[in-house]
Amino acid sequence: NTSTGDVDNKEMSSEECLIVILHQLIPLFIFIGGGATMSALYLGRLALRNPDVSWDRKNNPEPWNNLEPTQQYKLFKVNMDYSKLKKNGPDF
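Source: prediction; values computed, not measured. (Residues numbered from 1 in each chain as written. Predicted model: local features only at pLDDT ≥ 70, side-chain atom pairs only at ≥ 80, totals over all residues. Heavy atoms only, no water.)

## What about the overall build of the chain?
When its secondary structure is counted, the chain shows one helix and zero strands. The 92 residues of the chain split such that 3% are buried. By sequence separation, contacts in the chain at least 24 residues apart represent 19% of the contacts at least 6 residues apart. As displayed, the chain offers around 8,800 Å² of accessible surface, 59% of which is attributable to carbon and sulfur atoms. (Helix = DSSP H or I, 4+ residues; strand = E, 2+ residues; numbered from the N terminus. Buried < 20%, exposed > 50% of the residue type's maximum accessible area, 1.4 Å probe, protein only. Contact = heavy atoms within 4.5 Å. Areas by Shrake-Rupley, 256 points an atom, 1.4 Å probe, with all protein chains shown as cover.)

Set out below in structure tokens:
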């Protein structure tokens, strides 16, 4: 007898085979969907909060000139205290 426990060696129908394959692919869909969502959110953050992007050229043609020296606009700060920075350039 070559059977192991309660497992029957029967043929699976195509629907059952598809369900088993899709069940195994669920983690892949979760990680790909999560990565795509995080990429879209980061792209939106760059488009809306980055001072290099100018959406309103008539009222604010150079938004990078309106930044305070203590304003953090990067996503991560690594060993940087923005409160102690001084403005080096002239006012425009």
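Additional details are given in the paragraphs that follow.
## Describing the UniProt feature "transmembrane region" (unreviewed entry) in the chain
Sites flagged by UniProt as "transmembrane region" (unreviewed entry) map to residues 20-43. Structurally, residues 20-43 is divided into 100% helix and 0% strand, and its ends, taken at the C-alpha atoms, are 35 Å apart. (UniProt positions renumbered as here; feature names shortened; annotations may be inferred.)

## Concerning the confidence of the model for the chain
Mean pLDDT over the chain: 75, with 66% of residues reaching 70 or higher. Per-residue pLDDT stays below 50 along residues 1-5; that stretch engages in zero contacts with residues further than four places along the chain or on separate chains. (pLDDT = per-residue confidence, 0-100.)

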